[in-house]
Amino acid sequence: MALAGNDMARVETLLTERMGSPVALIPELANWLVNAGGKRIRPLITVSAARMLGYEGDGHLALAGAVEFIHTATLLHDDVVDDSALRRGKESANQVWGNPHSVLVGDFLFAQAFTLMVDARSLDALHVLSRAAAIIAEGEVRQLSMVRDIATSREAYMEVIDAKTAALFAAAARVSPILAGRPKAEEDALNTYGRELGLAFQLVDDALDYGGLAVILGKNTGDDFREGKITLPVAIALERASDKERAFWQRTFVDGDQNEADLDEAIAILKRHGALDETLEAARGHAQNARSALSVFPENDWSQALSALAGFVVDRAY
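Predicted model, so just to flag it, every value in this text is computed and none were measured.

What counts and what doesn't
- Residues numbered from 1 in each chain as written.
- Predicted model: local features only at pLDDT ≥ 70, side-chain atom pairs only at ≥ 80, totals over all residues.
- Heavy atoms only, no water.
- Phe/Tyr/Trp six-rings, centres within 6.5 Å; stacked < 30°, edge-to-face > 60°.
- Helix = DSSP H or I, 4+ residues; strand = E, 2+ residues; numbered from the N terminus.
- Buried < 20%, exposed > 50% of the residue type's maximum accessible area, 1.4 Å probe, protein only.
- Expected span 1.5 Å × (residues − 1).
- Arc of directions from axis to C-beta.
- Contact = heavy atoms within 4.5 Å.
- Salt bridge = Lys/Arg side-chain N within 4 Å of Asp/Glu carboxyl O.
- Axes fitted to C-alpha atoms, helices over the stretch in contact; angles between N-to-C directions.
- Parallel < 35°, antiparallel > 145°, perpendicular 65-115°, else oblique.
- Left-handed = near helix turned anticlockwise from the far one by under 90°.
- Nonpolar A, V, L, I, M, F, W, Y, C, P; charged D, E, K, R; others polar.
- Bend = angle between axes of the 7 residues up to and from the residue.
- pLDDT = per-residue confidence, 0-100.

A. Structural view of the packing of aromatic side chains. The final tally for this structure, using the stated rule, is seven aromatic pairs. Taking 5.6 Å as the distance between ring centres and 50 degrees as the angle between the ring planes, the aromatic pair formed by Phe225 and Phe253 counts as tilted. Placement of Phe225 in helix 11 (residues 223–226) and of Phe253 in helix 13 (residues 243–254) is noted, with a sequence separation of 28 residues between them. According to the relative accessible area criterion, Phe225 is buried, its value standing at 2%. One aromatic cluster is present, built from ring pairs that chain together Phe225, Phe248, Trp249 and Phe253.

Next comes the structure, spelled out in structure tokens:
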């Protein structure tokens, strides 16, 4: 978003400074992921919301940096848990340096995130972001417990992504009105905006993982399938599965018995039941909810940009 270019350049500088360490491997590994082409959507939300509200200080830059470091730390840890080979189109850090280094550098980034929160000098913003970090961890643990569990309902899955993905989007938006000293109604509206945008973002990722668009995601298409992750398309297909289809999910997910043809079969099953289209339709609904949440704010360039961001999140699928 060109409108936020100056603020985002300052956030980038801040991230680079805070990744510095006399332990050479820390900035080397952190840079591998931080500079790997991420879209910076979460910190972009923070700086754009602050500017929409007329905030003129620098605290939003520290909070935006904290948001990005929390996100990056969770990615490092996730790749270890999932034993992922790719992240943003390149080898994942754990493949290059190993799991122990990735975990510890993730811990370093978490620590730097909390330092940045303190730098913003807002106890309430610190509370929101620290609580979000805890909720993300809870969501990740819940998702881990649901891997290969074909009894997982769509409702249970939505609760997981509300925690592991949407919570940080919501916090990224919510801290700006807190920092700017705006009314509670505006804080609630931006919290809703972020949460709904985060849900839309995750559901698009869920659909794309079965859509043959690895270049967009920067990971292997079918990763969720190979890892036995229950995502919304799979939960929908399981609700409508025939006995033969349920046996397929039992073999490939529960038993972990997969062959090269199974991903294509999984995609065929999802399409047969309209699961991918339904997932994308749900994403569009959440994106519209995000846009609607902005209606409490006077229209200006920044509110229009935040609305457009909701459209971008969904348009990735097309």
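B. Helix 1 (residues 5–18), seen in detail. Over its 14 residues, helix 1 extends 20 Å from the first C-alpha to the last, a length consistent with the 20 Å expected when each residue adds 1.5 Å. The complete set of buried residues in helix 1 reads Asp7, Met8, Val11, Leu14 and Leu15. Angular distribution of buried residues about the axis of helix 1 spans 110 degrees; they occupy a single face of the element. Every exposed residue of helix 1 that faces more than 90 degrees away from the buried side is listed here: Asn6 and Glu17. Along its buried surface, helix 1 packs onto helix 2 (25–34), helix 3 (41–52), helix 4 (59–82) and helix 6 (99–119).

C. Layout of the pattern of salt bridges. Evaluation of the coordinates by the stated rule reveals 20 salt bridges. Ionic pairing is found between Arg51 and Asp7, a salt bridge with its closest N-O pair at 2.8 Å. One end of the pair, Arg51, is in helix 3; the other, Asp7, is in helix 1, with 44 residues separating them in the sequence.

D. Spatial organisation of the packing of helix 9 (residues 184–208) against helix 16 (residues 301–315). In contact at an axis separation of 8 Å, helix 9 and helix 16 are set at 20 degrees when each is read in the N-to-C sense. As summarised for this structure, helix 9 and helix 16 are arranged roughly parallel, according to the angle between their axes. In this structure, helix 9 crosses over helix 16, and the sense of that crossing is left-handed. For the pair formed by helix 9 and helix 16, the contact residues are Tyr193, Leu197, Ala200, Phe201 and Val204 on the first element and Leu306, Leu309, Ala310, Val313 and Val314 on the second. Here the residues of the contact of helix 9 with helix 16 sort into ten nonpolar, no polar and no charged.

E. Inspection of the environment of Val175 at higher detail. Mapped onto the elements of the fold, Val175 is located in helix 8 (residues 154–179). Between the alpha carbons of Val175 and Leu144 there is a distance of 29 Å; along the sequence they are 31 residues apart. In contact with Val175, not counting residues within four places along its chain, are Thr46, Leu63, Ala125, Val128 and Leu129.

F. Quick look at the packing of helix 12 (residues 232–239) against helix 13. Look at helix 12 against helix 13: their axes get within 10 Å of each other, and the N-to-C directions meet at 140 degrees. The angle between the axes of helix 12 and helix 13 places the two elements in the oblique class. Our pair here, helix 12 against helix 13, has a crossing hand that is left-handed. Contacts from Val234, Ala237 and Leu238 in helix 12 reach Arg246, Trp249 and Phe253 in helix 13. Here the residues of the contact of helix 12 with helix 13 are counted per class, giving five nonpolar, no polar and one charged.

G. Structural detail: helix 8. Taking 1.5 Å of rise per residue, the 26 residues of helix 8 would be expected to cover 38 Å, and the 36 Å separating its terminal C-alpha atoms lies within 8% of that figure. Bending of helix 8 peaks at approximately 50 degrees at the position of Ala166. The buried fraction of helix 8 is high, at 20 of 26 residues.

H. Structural view of the environment of Ala241. By the secondary structure assignment, Ala241 is in the loop between helix 12 and helix 13. Distance from Ala241 to His273, taken between C-alpha atoms, is 8.3 Å for residues 32 residues apart in sequence. Excluding its chain neighbours within four sequence positions, the residues that come into contact with Ala241 are Arg246 and His273.

I. Layout of the confidence of the model for the protein. Put simply, the protein has an average pLDDT of 93, and 95% of its residues get 70 or more. Within the model, pLDDT remains below 50 along residues 212–218, and this stretch shows 17 contacts once partners closer than five positions in the same chain are excluded.

J. Geometry of the side chain of Ser122. By secondary structure assignment, the location of Ser122 is in the loop between helix 6 and helix 7 (123–146). Judged by its relative accessible area of 13%, Ser122 falls in the buried class.

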